[in-house]
Each structure stands twice: as structure tokens, then as C-alpha cells.
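Here's the letter readout for the chains.
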Amino acid sequence: RPAWLLVAVLCMVAALVVGTLRWKMLLDVARVPLSWPVIGRVYAVSAFTTSFLPGTVGGDVARALLVVRRGPRPGRGGETVRAHTATGALIPLCGS
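Residues numbered from 1 in each chain as written. Predicted model: local features only at pLDDT ≥ 70, side-chain atom pairs only at ≥ 80, totals over all residues. Heavy atoms only, no water.

### Focus: the nonpolar core
Move 1: Membership of the largest hydrophobic core comes to 13 residues, with the highest contact counts inside it found for W23, L27, L34 and V67.
Move 2: Those elements that provide at least two residues to this core are α1 (2-29), α2 (36-52) and α3 (57-70).
Move 3: Looking at this core, the element that brings in the most residues is α2, giving 4 residues. (Core = buried A, V, L, I, M, F, W, Y, C linked by side-chain atoms within 4.5 Å. Buried < 20%, exposed > 50% of the residue type's maximum accessible area, 1.4 Å probe, protein only. Helix = DSSP H or I, 4+ residues; strand = E, 2+ residues; numbered from the N terminus.)

Structural data, given as C-alpha cells:
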């Protein structure tokens, strides 16, 4: 059914947007000045990479490498990836 396909696509887009916003907040706290287009591209590439590699590690590594190459503060940029993954794992636990 096409309606369910549309719902699934909208849910995936919403998940990408929420993840990007959460990561942008961490980048702001770490004072890593990346533009929205760069953040969106890096996050989309990492989501794509996660689809083809086992677990989420592949996407995290891709995102860390891309942000380290593009950002003026490589160490902090890489740390935001770890913090993003950690907060993503903790958020469901807070609701239970």
C-alpha cells in the first residue's frame, strides 16, 4: 500500500531530522562551528553507512572522520559523536 510506504518514509525523515538536531546541539556545546548543510550531509552519510555495516559503529566512525576533516576542532568534533551515541542509548532508558 502506497500510504504505508509514505508513512515509513516520513518516519525515517523525522528520525534523521531529530538525530541531526540532537547532534547539532552537542556540536554547539562543544563549540564546533559547522553549518547546517555540512551537518546534514555528514549525518546523512553516516546514516547511509550504518545501513550497510554491522551495528552503528560504521556510521559513527564515518561521522567522526567527516567532522574531524571539516571542523576546526577535531578532538571536540569526534567527542560529539561519542556523546551523541551515548545520549541516544540513554534516552529510551529515561522513559522507563
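There is more to say, and it comes next.
### Looking at the packing of α2 against α3
Move 1: Closest axis-to-axis distance for the α2/α3 pair is 7 Å, and the angle between their directions is 155°. Relative to α3, the element α2 is oriented roughly antiparallel. Our pair here, α2 against α3, has a crossing hand that is right-handed. Residue-level contacts link V38, R41, V42, Y43, V45, S46, T49 and T50 of α2 to G58, G59, A62, R63, L66 and R70 of α3.
Move 2: Broken down by class, the residue content of the contact of α2 with α3 amounts to 6 nonpolar, 5 polar and 3 charged. (Axes fitted to C-alpha atoms, helices over the stretch in contact; angles between N-to-C directions. Parallel < 35°, antiparallel > 145°, perpendicular 65-115°, else oblique. Left-handed = near helix turned anticlockwise from the far one by under 90°. Contact = heavy atoms within 4.5 Å. Nonpolar A, V, L, I, M, F, W, Y, C, P; charged D, E, K, R; others polar.)

### Examining the layout of surface pockets
By rolling a water-sized probe across the atoms, one finds the places where empty space is left.
Move 1: Of the pockets and cavities examined, the largest pocket occupies roughly 370 Å³.
Move 2: Along the walls of the largest pocket sit 15 residues, with L16, Y43, A47, T50 and T56 positioned nearest its centre.
Move 3: The set of elements that each furnish at least two residues to the lining of the largest pocket consists of α1, α2, α3 and α4 (74-94).
Move 4: Here the lining of the largest pocket takes 5 residues from α2, the largest share from any one element.
Move 5: Looking at the lining of the largest pocket residue by residue, the classes come out as 5 nonpolar, 7 polar and 3 charged. (1 Å grid on protein atoms, 1.4 Å probe; cavity = no way out; pocket = protein on both sides within 12 Å on 5 of 7 lines; lining within 4 Å. Points joined across faces, edges and corners; volume = space filled by probe spheres on them.)

### Here's the deal with the pattern of salt bridges
One side chain can pair with another of opposite charge once the charged atoms of both are near each other.
Move 1: If you walk through the whole model with that rule in mind, you get 2 salt bridges.
Move 2: Salt-bridge contacts for K24 lead to D28; the nearest nitrogen and oxygen are separated by 2.9 Å. Pair noted here: K24 and D28 are both in helix α1, with a separation of 4 residues, about one helical turn.
Move 3: Taking the relative accessible area as the measure of exposure, K24 reaches 12% and is therefore buried.
Move 4: D60 serves as the salt-bridge partner of R63, at 3.0 Å between the closest nitrogen and oxygen. Here R63 pairs with D60, and both are found in helix α3, just 3 residues apart, close to one helical turn. The same class applies to R63 as to D60, namely buried. (Salt bridge = Lys/Arg side-chain N within 4 Å of Asp/Glu carboxyl O.)

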